[in-house]
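Residues per chain, in single letters:
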Amino acid sequence: MTGPLALEMQQLLTAAFAPTALDVVNDSATHRGHTGDDGSGESHFTILIESPQFAGVSRLQRQRMVNAALGDIPGNRVHAVAIRARAPGE
C-alpha cells in the first residue's frame, strides 16, 4: 500500500528530475518497533531513481540533489531514506 508521504516523494522527485525510472519503496514494516518507527507506517523508505541529470555527478552529490528535492521530508517527516541514484546506462 502506498501512503500519502510516498506519493508526495514520488511527485517531488518526478518534478525535479524527470526520471526515466523511479521506485519509492516503503520499508517501514521491516523496521516496526525499531528506533525511528513512529507508528505511521511511513517512517523508512528506499528510493531507486534513474535520471539523465545524474550523469557525471558523484554519488554524494546525487544523494544531496535527491535530499534537496525532498525538502523537509528526510530527517523530519521520515526517519530514514536510502537513496540509489543512477544515470541511464549505469
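Above this note sits the structure.
Criteria and thresholds
Residues numbered from 1 in each chain as written. Predicted model: local features only at pLDDT ≥ 70, side-chain atom pairs only at ≥ 80, totals over all residues. Heavy atoms only, no water. Pairing = 2+ DSSP bridges. Helix = DSSP H or I, 4+ residues; strand = E, 2+ residues; numbered from the N terminus. Axes fitted to C-alpha atoms, helices over the stretch in contact; angles between N-to-C directions. Contact = heavy atoms within 4.5 Å. Buried < 20%, exposed > 50% of the residue type's maximum accessible area, 1.4 Å probe, protein only.

Enquirer: Run through the sheet that holds strand β3 (residues 80-86), naming residues and quoting values.
Expert: Across the sheet, three strands lie side by side as β1-β2-β3; this open sheet has mixed pairing. Lying at the two open borders of the sheet, with one neighbouring strand each, are β1 (21-26) and β3. Adjacent strand axes in the sheet meet at a mean angle of 10 degrees, parallel and antiparallel pairs treated alike. In this fold helix α1 (residues 4-17) packs onto β1 and β2 (44-50), with an angle of close to 160 degrees to the strand it touches most, β1. Helix α2 (residues 59-70) contacts β2 and β3 of the sheet and is inclined by roughly 125 degrees relative to β3.

Enquirer: Describe unusual backbone geometry, listing the residues and the values that go with them.
Expert: Not every positive phi belongs to a glycine, and Ala18 is a case in point at roughly 40 degrees. Tracing the chain through its elements places Ala18 in the loop between α1 and β1. Among the residues examined, Ala18 registers a relative accessible area of 56% and is labelled exposed.

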